[in-house]
Amino acid sequence: MIQVEGIVADLTAAALLALGLDALLAWRRERGRPRGYLALALLLLALVAVLGRLKVVLALPGITAVSAVAFLGSGYGIFLFRHALSPVARRWRVLAFALPTVLVAAVLVEAVVSPTRPLTSTASWILVLTWGLLVGEPVVHFWLESSSRPRVQRSRMRFLSLGLGGLAMVLLAAVLGGSALRNPRVAIGIQVVVLLLVPLIWAGLRPPSWLRRIWRSPEEVQLRLAVRELLLFAPNRRVLAERALNWATRLVGADAGLVAEEGAEVLAATGLEEAEISSLLEDPAGASGAATAYVRFPLGDSSGILLVRAGPFTPVFGSDELGWLEAYSGSVGAGLERVGVTERLARLERSKTQFLNLASHELRGPLAVIRGYLSMFLDGRLGEDDARRALRVMSVKADDMNALVEQMLEAARLEDGRIELHPSLVDLRSVISSAAESLRPVIDEAHPVVLALPDEPVLAEIDVERIETVLRNLIDNAVKYSPRGGSVTCRLDIESGDERATIRVRDHGIGIGQAEQQVLFTKFGRVNSTLTSGIPGTGLGLYLARELVGLHGGEIGVESELGVGSTFSVVLPLTLAEAPPEMGVTDIPTVSA
Amino acid sequence: MELGAAFSPAGRLGWVPFPPGLGVRTRVGRIRTRLSVGTNSPSILIVEDDESIATMYRLQLELEGYAVRVASSVSAAQASIMATGVDLLLLDVGLPGADGFELLIWMAHNGHDFPVLLLSNYSSPDLVERARKLGVVDYRIKSHTTPVDLAQIVATILARSG
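The model shown is predicted, which means the values in this text are computed figures rather than measured ones.

Q: Looking at this structure, how should I read the environment of R338 of chain A?
A: Residues and elements named next belong to chain A. Assignment of secondary structure puts R338 in helix α12 (residues 319–379). The spatial distance from the C-alpha of R338 to the C-alpha of L232 is 8.3 Å, given a sequence separation of 106 residues. With residues up to four places along the chain from it excluded, the contact list for R338 reads L230, L231, L232, F233 and A234.

In structure tokens:
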């Protein structure tokens, strides 16, 4: 029986040593203070067990004292492990340090005085009780803390708690047992319990993939239902990404993570600082390892990234987690695309409704005048002068309606890609003059149009009618959005070694805010604010301007300051390129002041 | 008032007033303004920034014998109301700067309770509801309301409030 007891005790010591060395290896690989303290604690515990076995063979002086110091050290190590994960109040820290220190001092003094005497039962009591306090508090703390954690983290914390708590109980029982311990059966029983606790602690430290799968499995059923909800009903990309990330971190037991569209926006992030997010996105591979795992998934034309970062209680990110994340991210990507399409359609639908409202309002203006005067003609009470004036006004209003309808048709042609340019070589100066001249009847004295044109002709290959429409639109806007009056300047310059002409239309009007400038040239991207509420417009003019200038291989831009004025610039190549560039027809405005 | 009634072709020919709160308030306003104008022809103020529409309505209403003034913005309208009284206000909604509703609120705060006919080319139910709450007598779509129709509506409103 004594022989069996010896073998079991050897096995226990070897198992504890293996556990300590494994913890040391894990610390060397992953670093971090908590892992270091835990490795130290387990190694010291293994040392106690090994010294216990050596004591039987070799009667080395002071071996009891070294065992006692190592034993207290292991308890303090576990306390430090707990403190590193979840800080303890200062006064408890002082107590946790003072108690073992005093005991170590006492043990050392005793060792010097009588090196070979074994510890008295009172001394053993005090030692085990102190160890029990140092280890017991973290055990209870981890157990309580675990209930608020995701299942995988919770299981891991509980394994660790159970293992360490079990050890403490066994040691207390051993000391309390007193004379019963001399019974070899009891001694063997205790050793076997310790032996069984070792794999429990090890599973808490480094759970194998099959165990992690088991921990995860009850939540996977919930996840499947949640993912279905998410993919079918998430109202927008952000909500979907946030919920998807929540499930991802939960299932792998991570503490932090993010979902982002690569090269674009971060859709969701949790537990990460701004700076961390940008550095992680810049080089996710650099950060990856045991503590960070990421997968890329297809997302529209680019790709998305789903990244999770481990916390102190996160089990390992192994191939199992990566495989799971990969499969999961595929669904997330599909969901994000679905929501993206839905959002785009909803935005388009809103824009079209908004446009129909605006367009009908714009058409009703001239229509009201034409119908109104017609009713007065039919009523037969208009005098001759009034009738002549009315006819002139009706003619102008009919032209307005015609221009509006043309604008809408032109936009429709652009959508269908049916626009064909009819280029001819003309002097840009005459195009500008003609555009300004055509607006003369509708421009009042408060808005003088000043033309700053070069003396020499500026010949360009353009579709005259369309560029004139663009310029007329810009000048008309400059006047409309300058309710307090002020001159409108049209300036023509030759730039880039005589290859490009720039036409600038400058006003002193209400100006355009930075955010509004972004949507100005998009379809229906009219700036709506109290300043513009009384100014007619469909939001098609500048969109058409951009597209038509784009067809010429040129570009249109704006510089503006609120309350100061705006300068729109049209840059046109003097020679038309063979194939006009592709047009973007799907842009939709998102800002409305 | 049903929106459909106001905006349908049948609705624009016949005047369908907002039901509550018209008679007494407008009668008081009318007496006050009559005294201030000192003439028998009712005074109408058109608040409209589109000059061609304002001119057209003015022409028709003057043919009907009303004294018509035009203001192209809310501030001009306020000045006009304070300078001389008004029997009826024809108000556009979309105006540069402050809109027609702001003028209605200003009127309520300053005790100006003559009838208001809102004229706009916007026709959302929200606008109609807001106008109704602010005590507007009627809401008409300009392109549906010819000057001849308008003259009839104006006559009906003035007859009721008188």
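Q: Before we go on, may I ask you to explain the environment of V295 of chain A in this structure?
A: Residue and element names in this part refer to chain A. Its location among the elements puts V295 in strand β3 (residues 292–299). Residues V295 and P284, spaced eleven residues apart in sequence, show a C-alpha to C-alpha distance of 9.4 Å. If we skip the residues at most four places from it in the chain, V295 touches G304, I305, L306, L322, L325, E326 and S329.

Q: In this structure, what is going on with the interface of chain A and chain B? I would like to understand it.
A: Quite often, the size of an interface is put as the accessible area lost when its parts meet. Contacts between the two partners involve 21 residues from chain A and, on the opposite side, 25 residues from chain B. Between chain A and chain B the total buried area reaches about 2100 Å² when both faces are included, carbon and sulfur atoms providing 55% of it. Together, R364, R371 and R381 of chain A form the three largest contributors to the area buried by chain A at its contact with chain B, with a combined 30%. Applying the counting rule to chain A against chain B returns two salt bridges. A salt bridge links E64 of chain B to R381 of chain A, with the shortest nitrogen-to-oxygen separation between them at 2.8 Å. Across the contact surface, chain A and chain B share five residue pairs in polar contact (both at pLDDT 80 or more). Counting only elements with at least two residues in the side of chain A that touches chain B, the list comes to α12 and α13 (384–416) of chain A.

Q: Got a minute to help me understand the side chain of D22 of chain A in this structure?
A: All names here are of chain A. Note on placement: D22 falls in helix α1 (residues 2–30). Judged by its relative accessible area of 14%, D22 is buried. When residues no more than four places from it in sequence are discounted, the contact partners of D22 are W202 and R206.

Q: What exactly am I supposed to notice about the packing of aromatic side chains here?
A: For any two aromatic rings, the description comes down to two numbers: the centre-to-centre distance and the angle of the planes. All names here are of chain A. Scanning the entire structure with this criterion turns up seven aromatic pairs over all chains. Measuring from centroid to centroid gives 5.1 Å for F71 and W131, while their planes differ by 10°, and the two rings are stacked. Taken together, the positions of F71 in helix α3 (residues 63–85) and W131 in helix α5 (residues 121–146) put the pair 60 residues apart, joining distant regions of the chain. On the accessibility criterion, F71 (9% relative accessible area) is buried. Measuring from centroid to centroid gives 5.6 Å for F81 and F142, while their planes differ by 75°, and the two rings are edge-to-face. On the criterion of sequence distance, the pair formed by F81 in helix α3 and F142 in helix α5 is long-range, its members being 61 residues apart. One exposure class covers both F81 and F142, and it is buried. Grouping aromatic residues by their ring pairs yields a cluster made of Y76, F79 and F97. When the ring centre of W143 is taken as origin, the NZ or CZ atom of R158, which lies over that ring, is 4.6 Å away.

Reading the values: the criteria
Residues numbered from 1 in each chain as written. Chains lettered and ligands numbered in written order. Predicted model: local features only at pLDDT ≥ 70, side-chain atom pairs only at ≥ 80, totals over all residues. Heavy atoms only, no water. Helix = DSSP H or I, 4+ residues; strand = E, 2+ residues; numbered from the N terminus. Contact = heavy atoms within 4.5 Å. Buried area = accessible area lost by both parts, 1.4 Å probe. Salt bridge = Lys/Arg side-chain N within 4 Å of Asp/Glu carboxyl O. Polar contact = N/O pair within 3.5 Å; in protein donor to acceptor, adjacent residues only side chain to side chain. Buried < 20%, exposed > 50% of the residue type's maximum accessible area, 1.4 Å probe, protein only. Phe/Tyr/Trp six-rings, centres within 6.5 Å; stacked < 30°, edge-to-face > 60°. Lys NZ or Arg CZ within 6 Å of the ring centre and 35° of its normal.

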